[in-house]
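# Analysis of the macromolecular model
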Amino acid sequence: MSRSHPESVTRRRVFYIPGYDPIHPRRYRELYRKEGAAQAAISGYQITLSPGPSQPHYGWQVDAVIDAHDVHADVDVLVWSDIVRDSMRTSIPATYAQMMQTAWTYITTGALRRLMRLRKGPVIAALYPVGMLLLQLALALTLWSVIWRVGAALFGVPGAVLGAGIGAVAFVLLLRWFKSMDGKFFAYYLMHDYAYSAASYGANPLPLEDRMRLFQDSIADAFSADVDEVLVVGHSSGAHLAVSILADLIRAGRVPMGGPALSFLSLGQVVPMVSFLPKAHRLRADLQYLSAREELTWIDVTAPGDGCAFALCDPVAVSGVAPHNKRWPLVFSAQFTKSLSPERWAELRWRFFRLHFQYLCAFDRPLDYDYFQITAGPLTLGARYGDRPPSKSRIDVAVSKYTSVAA
């Protein structure tokens with residue numbers, strides 16, 4: 001029996017699931033405030049933010065007037081940044097060991113080779129921390145060698161011994177400096193990101209599973225509120241967390257008939273980085289299940305200009321688990337090169353990490369993707385994109401070597 005979905009919205013509950021990010025969620029509030037104001041000025045609507053009520057999650061309230069309709073939205077960030085920070089608390093030697101293990105996992109399972117058949121950008125992004133960490137190690141070893149050789153040349157054997165000792169100190173200090181500057185290099189951050197899933201060959205670590213159950217409870221509670229739409233937004237790694245959370249929610253019968261519309265917006269997803277690994281049975285099963293459900297609308301938005309996402313790759317199809325009755329997701333492009341002016345695109349095109357967040361930002365030549373109209377506008381996600389065709393250039397063929405959905 002099909003659910004009756006509302007199409008117009010006056011009140012909405014939004015749950016935003018970040019990717020692998022150790023930063024406090026206030027970053028997302030400030031991004032929404034700044035970019036929402038910019039988009040409102042460009043597109044001719046009104047949008048204001050106010051503090052959220054006391055609740056388990058960090059959030060804020062949005063009041064908007066769009067197309068002459070008043071809309072109120074309560075936005076919650078489902079925080080797992082503490083888990084991320086814990087996973088990043090490793091020593092420099094442990095990070096290099098992690099690098100070797102992660103590379104070994106992706107190469108020996110064949111996942112890396114198959115990922116390269118999808119998009120080169122995210123694979124290059126995955127190889128970047130390996131290259132950068134090896135470069136940092138090479139520079140530190142070169143510094144040690146130079147100091148040792150200078151000592152030996154000037155003072156013979158005693159100088160060589162002294163130079164080796166001083167060089168060793170310099171070696172350690174340089175590696176520590178590189179790590180302290182990772183806010184500019186992103187080598188350690190990205191290495192920890194890829195290693196987090198690779199360490200368990202695609203299975204979710206237990207602390208993350210526990211947190212996902214709490215997220216599911218929060219989303220389920222929203223259906224009892226006076227809202228027209230419950231919208232879940234999963235960005236980057238948060239997209240595959242949302243897939244499993246929503247699959248569990250529907251399996252458990254926690255999406256009521258005749259209740260608020262359930263909508264899922266996945267942005268800049270990197271699902272194949274996990275689903276292509278051998279033990280990602282749960283994620284593949286959840287992708288397969290969710291793709292056939294009529295309880296929700298699932299829209300997947302990426303852009304070829306985002307080198308950190310698997311742009312226009314249908315996450316269900318490329319993972320090799322598309323069922324015969326597949327309905328979702330609707331895959332289309334945010335078209336960065338068209339929805340940003342040539343001047344703005346020239347400014348952003350080489351800022352790869354910033355572009356990975358462009359889905360949450362303003363476009364100065366907006367087309368049909370507008371994050372703020374989706375989260376604070378008068379239409380449900382299904383009504384907004386019900387007639388939109390998928391992008392013709394999407395990739396929807398099975399590529400993954402591993403397609404099992406049971407452990």
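Preceding this section is the structure that the text describes.
The text that follows walks through the structure, step by step, so that each part is easy to find.

Cut-off values and rules
- Residues numbered from 1 in each chain as written.
- Predicted model: local features only at pLDDT ≥ 70, side-chain atom pairs only at ≥ 80, totals over all residues.
- Heavy atoms only, no water.
- Pairing = 2+ DSSP bridges.
- Helix = DSSP H or I, 4+ residues; strand = E, 2+ residues; numbered from the N terminus.
- Axes fitted to C-alpha atoms, helices over the stretch in contact; angles between N-to-C directions.
- Contact = heavy atoms within 4.5 Å.
- Patch = residues over 30% accessible without salt bridge, like charges linked within 9 Å, V, L, I, M, F, W, Y side chains within 5 Å.
- Areas by Shrake-Rupley, 256 points an atom, 1.4 Å probe, with all protein chains shown as cover.
- Salt bridge = Lys/Arg side-chain N within 4 Å of Asp/Glu carboxyl O.
- Buried < 20%, exposed > 50% of the residue type's maximum accessible area, 1.4 Å probe, protein only.
- Phe/Tyr/Trp six-rings, centres within 6.5 Å; stacked < 30°, edge-to-face > 60°.
- Lys NZ or Arg CZ within 6 Å of the ring centre and 35° of its normal.
- 1 Å grid on protein atoms, 1.4 Å probe; cavity = no way out; pocket = protein on both sides within 12 Å on 5 of 7 lines; lining within 4 Å.
- Points joined across faces, edges and corners; volume = space filled by probe spheres on them.
- Nonpolar A, V, L, I, M, F, W, Y, C, P; charged D, E, K, R; others polar.
- Left-handed = near helix turned anticlockwise from the far one by under 90°.
- Disulfide = S-S within 2.5 Å.

## Points about the sheet that holds strand β5 (residues 229-235)
- Taken together, eight strands build an open sheet; the order of strands is β2-β3-β4-β1-β5-β6-β7-β8 and the sheet is mixed. Here the strands that pair on one side only, and so sit at the sheet edges, are β2 (46-51) and β8 (330-333). Sheet twist, expressed as the average angle between the axes of neighbouring strands with direction ignored, equals 20 degrees.
- Bridge analysis of β5 against strand β6 (residues 261-267) gives seven bridges, and the strand direction is parallel. Its bridge partner being in β6, Val230 is matched across the sheet by Leu262.
- Of the strands in this sheet, β1 (11-17), β2, β3 (58-66) and β4 (69-77) are in contact with helix α1 (residues 26-43), which crosses β2 at around 160 degrees.
- Running over the sheet, helix α8 (residues 206-222) touches β1 and β5 and is turned about 170 degrees from β1.

## Details of a nonpolar patch on the surface
- Together, Val146, Val150, Leu154 and Phe155 make up an exposed nonpolar region whose accessible area comes to about 410 Å².
- Residue Val146 is classed as partly exposed on the basis of its relative accessible area, which comes to 43%.

## A closer look at the side chain of Gln269
- With respect to the helices and strands, Gln269 occurs in the loop between β6 and α10 (272-275).
- Excluding anything up to four places from it in sequence, Gln269 contacts Ser236, Ala239, Asp300, Thr302, Ala309, Phe310, Cys313 and Pro315.

## Let's talk about the packing of aromatic side chains
- All told, the structure shown has 20 aromatic pairs when counted by the stated rule.
- Ring geometry for Tyr20 and Tyr189: centres 6.0 Å apart, planes at 40 degrees, overall tilted. In this pair, Tyr20 sits in the loop between β1 and α1 while Tyr189 sits in helix α7 (residues 187-198), placing the two residues 169 residues apart along the sequence.
- An aromatic cluster is defined as three or more aromatic residues linked by ring pairs; in this entry it consists of Tyr20, Trp80, Tyr189 and Tyr196.
- Here the basic side chain of Arg27 rests over the ring of Tyr28, its NZ or CZ set 5.8 Å away from the ring centre.
- Here Arg251 stacks its cationic end above the ring of Tyr289, 4.5 Å away from the centre of that ring.

## Observations regarding the layout of surface pockets
- Reported here for the largest pocket is a volume of approximately 890 Å³.
- Along the wall of the largest pocket there are 43 residues; nearest its centre are Tyr20, Asp21, Arg27, Tyr189 and Phe357.
- For the lining of the largest pocket, the secondary-structure elements that each account for two or more residues are α1, α6 (182-185), α7, α9 (237-251), α10 and α15 (352-355).
- In terms of residues, the lining of the largest pocket owes the most to one element, α7, which gives seven residues.
- Residues of the lining of the largest pocket, tallied by class, amount to 25 nonpolar, nine polar and nine charged.
- Here the second largest pocket is characterised by a volume of approximately 410 Å³.

## Comments concerning the environment of Gly253
- Structurally, Gly253 can be placed in the loop between α9 and β6.
- Under the relative-accessibility criterion, Gly253 is labelled exposed at 59%.
- Remark: the alpha-carbon pair of Gly253 and Asp74, spanning 179 residues in sequence, is separated by 24 Å.

## Section: the packing of α9 against helix α11 (residues 281-290)
- Between α9 and α11, the least distance of the axes is 9 Å, while the angle of their chain directions is 65 degrees. Between α9 and α11 the crossing geometry is left-handed. Every residue of α11 that contacts α9 at His240, Val243, Ser244, Leu246, Ala247, Asp248, Ile250 and Arg251 is listed here: Arg282, Leu283, Ala285, Asp286, Leu287, Tyr289 and Leu290.

## Some words on the state of the cysteines
- Per the counting criterion, the structure on display carries zero disulfides.
- Counting only cysteine sulfurs, Cys361 is the nearest neighbor of Cys308, a cysteine outside any disulfide, at a range of 14 Å.
- Judged by relative accessible area, Cys308 falls into the buried class, the value being 14%.

## Some points on unusual backbone geometry
- Here Trp328 and Pro329 are connected by a cis peptide whose omega angle stands at 0 degrees.
- Mapping Pro329 onto the fold places it in the loop between α12 (315-318) and β8.
- In this structure, Phe186 is a non-glycine residue whose phi angle is positive, near 60 degrees.
- Along the polypeptide, Phe186 turns up in the loop between α6 and α7.
- The residue Ser236 is not glycine, and still its phi comes out positive at about 60 degrees.
- Along the chain, Ser236 turns up in the loop between β5 and α9.

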